[in-house]
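Residues per chain are reported as follows:
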Amino acid sequence: MSYTFDIQRTLTPKEKPDPDTLKFGRAFTDHMFIMEYETGKGWHNGRIVPYGPLNLEPAAAVFHYGQSMFEGMKAYKTADGKVQLFRPYMNAARVRTSNERMCMPDIEPELYVSAVRTLVDIERDWIPDKAGTSLYIRPLVIADEPFLGVQAADHYLFIIMCSPVGPYYDTPGGGLSPTSIYVEDEYVRAAVGGVGFAKVSGNYGGSLKAQAKAKEKGCEQVLWLDAVEHKYVEEIGTSNAFFVINDEVITAPLLGTILPGVTRASVIELLQKWGINVSERRLSIDDVAKAAHDGSLKEVFASGTAAVISPVGKLMLSDTTLTIGDGGVGELALRLYDTLYGIQTGAVADEMDWVFEV
Ligand SMILES: *Cc1c(COP(=O)(O)O)cnc(C)c1O
């Protein structure tokens, strides 16, 4: 099935931001995608319209009970001017999982990818091509039915907006720089049976307190531990976490509390392709500390769409600070970053068939 959408172009295009001073998520493009859902009628009236405010009632369910999910993707411009997405059907699959968990209506992967592709195609000129820049794509689904009863709504909006973004790091050329991470032992992100595996808004509102605490301690992000024993490593902020101990690369298993990152899956597939031993298994923070002390902890890094790969230089625990390797950028983190970012931007051959041309 192929989808077509009505297109209403803006009559007042905005000036594009300076690619040298682009920040993350502050500027928005000229258009957005919007589609409605009604029980009995299904998804309908998908269209591209000028980017602008929504007209929602204060009683809209999303404001009260948080029936809301989002996605995060990027479109890159290659050196020869092509526009490409990275594994969009993986995001489409995750949309289904998130919607299902939140009792929100399913979106067919073809509909999802068609909508993203149509909007990105229209906003082609907004995709910056300077090193480290890209067009961040933010799809979301919200319950906009005005009703105060606690139940699944009968009316929803599926919206996609785009934002030209700069390098995640302020370092020259947007290169990798090691981060300091606070090991959070009080607040938790997700419990088994909850919504940690879904990209739903409430997970992020609930994480801000820990994020603020990490900032106070001079760290960029938190390392979340499991909600039951406060012992096993889970995620780093809003990205997945990898630990290299001796020759084994370890990441937390998908047991309901971990967001299954597209970047995480890609890291695992690349490591397997390279013949590197990668395990999805539980790893305690005590074992991480022990490995740091005996020198077998070689690297720690985070993976996600925003920064691709983010090396960790220091892990701060309540009673001690661990320096990872020599505190700099690890060899494996660098190789993964160069490969993934290279494939995304067209500089490295796409042997894995991950790239999707718009
Ligand atoms: C989005 C997200 C990730 C990373 O997922 P990607 O698909 O790689 O961008 C990891 N953890 C959390 C909690 C997230 O929200």
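Residues numbered from 1 in each chain as written. Predicted model: local features only at pLDDT ≥ 70, side-chain atom pairs only at ≥ 80, totals over all residues. Heavy atoms only, no water.

Can you help me understand the overall build of the chain in this one?
Looking only at helices and strands, the chain has eight helices and 18 strands in total. C-alpha atoms of the chain, sized along the principal axes, occupy 60 × 50 × 35 Å. Across the 358 residues of the chain, 54% fall into the buried class. Of all intrachain contacts in the chain linking residues separated by at least 6 positions in sequence, the fraction that spans at least 24 positions is 70%. Charged side chains of the chain number 33 positive and 47 negative; the gap between the two group centres comes to 2 Å. (Helix = DSSP H or I, 4+ residues; strand = E, 2+ residues; numbered from the N terminus. Buried < 20%, exposed > 50% of the residue type's maximum accessible area, 1.4 Å probe, protein only. Contact = heavy atoms within 4.5 Å. Lys, Arg positive; Asp, Glu negative; His and termini not counted. Charge placed at Lys NZ, Arg CZ, Asp CG, Glu CD.)

What is the right way to read the site of the ligand from this model?
Taken together, 14 residues sit near the ligand, with Lys 199, Tyr 204, Glu 235, Thr 263 and Thr 305 positioned nearest. Val 262 has a polar backbone atom sitting 2.8 Å from an oxygen atom of the ligand. Computed on the free molecule, the ligand has an accessible area of 380 Å², of which 96% lies beneath the protein chains in the complex. By residue class, the composition of the shell around the ligand is three nonpolar, seven polar and four charged. (Near = heavy atom within 4 Å. Polar contact = N/O pair within 3.5 Å; in protein donor to acceptor, adjacent residues only side chain to side chain. Areas by Shrake-Rupley, 256 points an atom, 1.4 Å probe, with all protein chains shown as cover. Nonpolar A, V, L, I, M, F, W, Y, C, P; charged D, E, K, R; others polar.)

What exactly am I supposed to notice about a nonpolar patch on the surface here?
Together, Tyr 65, Leu 148 and Val 150 make up a nonpolar patch on the protein surface, roughly 330 Å² of accessible area in all. Along the chain, Leu 148 falls in the loop between strand 7 (134–143) and strand 8 (155–165). (Patch = residues over 30% accessible without salt bridge, like charges linked within 9 Å, V, L, I, M, F, W, Y side chains within 5 Å. Salt bridge = Lys/Arg side-chain N within 4 Å of Asp/Glu carboxyl O.)

So what exactly am I meant to see when it comes to the pattern of salt bridges here?
As enumerated under the stated definition, the model contains 14 salt bridges in all. Close ionic contact of Asp 20 with Lys 130 constitutes a salt bridge, the shortest N to O distance being 3.4 Å. Linking Asp 20 in the loop between strand 1 (6–7) and strand 2 (31–38) with Lys 130 in the loop between helix 3 (109–122) and strand 7, this pair joins segments that are 110 residues apart in sequence. The exposure class of Lys 130 is partly exposed, given its relative accessible area of 37%. For the salt bridge of Arg 124 with Asp 121, the shortest nitrogen-to-oxygen distance reads 2.7 Å. A residue is classified by how much of its surface remains accessible, and Arg 124, at 26% relative accessible area, is partly exposed. One connected set of salt bridges, linked through shared partners, spans Arg 96, Asp 106 and Glu 108.

The values reported here are purely geometric and, on their own, carry no functional implication.
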